[in-house]
Structure formats: structure tokens, C-alpha cells
Amino acid sequence: MSEVVIITGASRGIGREIAKRLAIKGLTVVANYNKSEKEAKELRKELEEKGFVIDIVKADVSKREEAKELVKFTLDKYGKIDILINNAGISEYKLFTDETDEDWNKIINTNLYSVFAMSQEVIPNMIHNKKGLIINMSSAWGVVGGSLEVIYSVSKAGVDGLTKALAKELGPSNIRVNSIAPGMIYTKMNSKFTKEELEEIKEEIPLGKIGDTTDVAKCVDWLIEDKYTTGQVISINGGWIIT
Ligand code: NAP
């Protein structure tokens, strides 16, 4: 049987691109969405028209019970999970002094708690199979911090901490855990920026362009292929941030 992968937040943007790419490569894809049901159905249809079948499963992965149900669906149907891609995320552009407890809880639960909960739910099966790969979608702001995105930066720095520590704990069980830290990628998440602002950002990027969702999906391909990388935060940012 082909490798089974769960991708959280696959209805749009980066997650959607990863879902398409892996389905076309022949993996068994369980694509999670939360609010964007229409987009998720369109993704399934688009792939069906090309001859590929995927599952789309609604779950708010910031909630333990829904994360559990998503994993249960996958195990009941396929009996194993080889790869978990914790991609679901939200961002907010606000002065730190305007942030509320509600903002904190929403962003931390969606971006960081979901990684904790989803990973905990899949790991027993991976340990049983003595094999697994977890890829967490982090951000350049988790590495260097982003002005007006403090809570987001905290959540992604937390994701990277989780990645590093969990990689050490799970290495002996042959489970690899890595983060991908994209810089600026064209998706709905960045629709808050004007054309002029995007041009200014482009000028700061040594490779002279904003990234595309395929730039990130190709890194996922590589991490699946590779068997000796774990605990790493891999930056995909055109040289925008070099640490
Ligand atoms: P996007 O286009 O806004 O898509 C976000 C995805 O996350 C959507 O599919 C959304 O699903 C899903 N999602 C949000 N909350 C969820 C929840 N509670 N449960 C399940 N799914 C949820 O964003 P993107 O740019 O593709 O971002 C994907 C990841 O890359 C995020 O973790 C983001 O932080 C990270 N990232 C992006 C960039 C960038 O420049 N775009 C840079 C660095 C890092 P629904 O709409 O169905 O709710």
C-alpha cells in the first residue's frame, strides 16, 4: 500500500499545493480543511478529473477532539499513517499593545497546540510501525521574529522548539521530525499586503521574487525522499533571511 499522509489546512495555499503534489505522486492523501469546504471539494474534484482520489476531512485541528477524529478517520480507513504534515495556520497583523487574550489563544491554539495535539494522536501508530515523518510548517518569523506579528512569531518559534525536542525523542523509533520555515509565499495569508508593499519586500529578497507554493511543496518532496534529516528548521525564503 502507498504511504498515507495527513495534511492539515489543505483547502488553500501551501497545504493545497502539497496535497496535489503528493496525490499525483501516488501517495494516499487525507486532506484536512476547516472553514473552506467549497475549496476542499474543488481540490478533490480537480484531482478526480486527473484520475487521483483523495479524502477531504473537516476538522478544526486547534481542538483535541477534532484532531483525534481526523486521525481516527485515517486509521479506520487505511490502518496506518506514514506522514503527518502540520500545515494549518493563521496570522494576524496587529500592534502588540492591541493584541488580546483572545488573539493569543486563537493563534497559539491554531498554530502551535494543533501541532502538539495532531502529533500526539499519530505518534503511537508511527511507533508501532517503527517508521514515520512529521513535517511542521513554521515561518521565517519563528526564526527571527516579525514586527506586528508577535504572537504569530511566538507560535512558530514554539513549533521549531517542538520540532527539535521531538526529533531527539523520536529518532530512536525511526520517526523524523522537521520544520519548514517559508519566507514570503504568494497565498491568501499575504493578501493583507498591497501590491506596493509586496514590491518593497521583493526588493529585500536576494533572489528577487516572492516564493510560490510549489517552492515549499518541493521541499516536502525532498524531506519524504531523504532518510537522514531530522530536528531541522529548513528555510525556504529566496535568501530573505539568512541566519
Ligand atoms: P492560507 O492560504 O491562509 O491557508 C491556511 C490553511 O490553514 C487553510 O487551508 C485553512 O483551512 C487552514 N486552517 C486554518 N485554521 C485551521 C484550523 N483551525 N483547522 C484546520 N485548518 C485550519 O495560508 P498559507 O500561506 O497556505 O499557510 C500555510 C502554512 O504556512 C501556515 O502554517 C502559515 O503560517 C505558514 N507560512 C506561510 C507563509 C506565507 O508567506 N504564505 C510564510 C510562512 C509560513 P480553512 O480555510 O478550511 O479553515
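Report follows, based on the coordinates. These numbers come from a predicted model, not from an experiment.

## As for the packing of helix H4 (residues 101-129) against helix H6 (residues 150-170)
- Where H4 meets H6, the axes come as close as 9 Å, and the angle between the chain directions of the two elements is 15°. Taken together, H4 and H6 sit at an angle that is classed as roughly parallel. Crossing hand, H4 versus H6: right-handed. In contact with Asp 103, Trp 104, Ile 107, Ile 108, Asn 111, Leu 112, Val 115, Phe 116, Ser 119, Ile 123 and Ile 127 of H4, H6 contributes Ile 151, Tyr 152, Val 154, Ser 155, Lys 156, Gly 158, Val 159, Leu 162, Leu 166 and Leu 170.
- Among the residues forming the contact of H4 with H6, the class breakdown is 15 nonpolar, four polar and two charged.

## Focus: the site of the ligand
- Neighbouring residues of the ligand: 32 residues in total, closest Ser 36, Asn 87, Tyr 152, Thr 187 and Asn 190.
- Measuring from an oxygen atom of the ligand, one finds a side-chain N or O atom of Ser 11 at 2.8 Å.
- Residue Thr 187 places a side-chain N or O atom 2.5 Å away from an oxygen atom belonging to the ligand.
- When the ligand is considered free in solution it has 890 Å² of accessible area, and contact with the protein chains removes 95% of it.
- Listed by contribution, the elements that provide at least two residues to the shell around the ligand are helix H1 (13-24), strand E2 (28-33) and H6.

## Regarding the side chain of Thr 229
- In this structure, Thr 229 sits in the loop between helix H8 (213-225) and strand E7 (233-236).
- By relative accessible area, Thr 229 is classed as buried at 14%.
- The contact partners of Thr 229, leaving out residues within four places of it in the chain, are Arg 176, Asn 178, Trp 222 and Leu 223.

## So, the sheet that holds strand E1 (residues 4-7)
- If you walk across this open sheet you meet the seven strands as E3-E2-E1-E4-E5-E6-E7, and the pairing is parallel. Whereas interior strands pair on both sides, the edge strands pair on one side only; in this sheet they are strand E3 (55-58) and E7. With strand direction ignored, the average angle separating the axes of adjacent strands in the sheet is 20°.
- The sheet contacts of helix H3 (residues 64-78) involve E1, E2 and E3, and relative to E2 the element is tilted by about 160°.
- Seen against the sheet, H8 touches strand E4 (83-86), strand E5 (132-137), strand E6 (175-182) and E7 and runs at an angle of roughly 165° to E6.

## Considerations on the packing of aromatic side chains
- All chains considered together, the criterion is met by three aromatic pairs.
- Ring centres of Tyr 93 and Phe 193 lie 5.5 Å apart, and the angle between their planes is 75°; this geometry places the pair in the edge-to-face category. Separated by 100 residues along the polypeptide, Tyr 93 in the loop between E4 and H4 and Phe 193 in the loop between E6 and helix H7 (195-204) bring together distant segments of the chain.
- In this structure Tyr 93 comes out as partly exposed when scored by relative accessible area, which is 42%.

## As for unusual backbone geometry
- Unlike most non-glycine residues, Lys 130 shows phi in positive territory, near 55°.
- Mapped onto the fold, Lys 130 is located in the loop between H4 and E5.
- For Leu 148, which is not glycine, the phi torsion reads 70° and is therefore positive.
- Residue placement: Leu 148 occurs in the loop between helix H5 (140-144) and H6.

## Notes on helix H2 (residues 37-49)
- In this model H2 runs 18 Å from its N-terminal to its C-terminal C-alpha over 13 residues, within 8% of the 18 Å that 1.5 Å per residue would give.
- Inspection of H2 places Ala 40, Leu 43 and Leu 47 among the buried residues, and these make up the whole buried set. Buried positions in H2, seen along its axis, are confined to an arc of 55° and lie on one side of it. For H2, the exposed residues set more than 90 degrees away from the buried face come down to Lys 38, Lys 45 and Glu 49.
- On the buried face of H2, the contacting elements are H1, E2 and E3.
- One or two residues past the end of H2 sits Gly 51, with phi positive at roughly 95°.

## What about the packing of H1 against H8?
- Running from amino to carboxyl end, H1 crosses H8 at an angle of 50°, the nearest separation of the two axes being 9 Å. Between H1 and H8, the angle falls in the class oblique. The element H1 and its partner H8 pack so that their crossing is right-handed. Facing H1, whose interface residues are Gly 13, Ile 14, Glu 17, Ile 18, Arg 21 and Leu 22, H8 presents Thr 213, Thr 214, Val 216, Ala 217, Lys 218, Val 220, Asp 221 and Ile 224.
- Its residues assigned to classes, the contact of H1 with H8 shows seven nonpolar, three polar and four charged.

Rules behind the numbers
Residues numbered from 1 in each chain as written. Predicted model: local features only at pLDDT ≥ 70, side-chain atom pairs only at ≥ 80, totals over all residues. Heavy atoms only, no water. Axes fitted to C-alpha atoms, helices over the stretch in contact; angles between N-to-C directions. Helix = DSSP H or I, 4+ residues; strand = E, 2+ residues; numbered from the N terminus. Parallel < 35°, antiparallel > 145°, perpendicular 65-115°, else oblique. Left-handed = near helix turned anticlockwise from the far one by under 90°. Contact = heavy atoms within 4.5 Å. Nonpolar A, V, L, I, M, F, W, Y, C, P; charged D, E, K, R; others polar. Near = heavy atom within 4 Å. Polar contact = N/O pair within 3.5 Å; in protein donor to acceptor, adjacent residues only side chain to side chain. Areas by Shrake-Rupley, 256 points an atom, 1.4 Å probe, with all protein chains shown as cover. Buried < 20%, exposed > 50% of the residue type's maximum accessible area, 1.4 Å probe, protein only. Pairing = 2+ DSSP bridges. Phe/Tyr/Trp six-rings, centres within 6.5 Å; stacked < 30°, edge-to-face > 60°. Expected span 1.5 Å × (residues − 1). Arc of directions from axis to C-beta.

As far as function goes, none of this settles anything; it's purely spatial.
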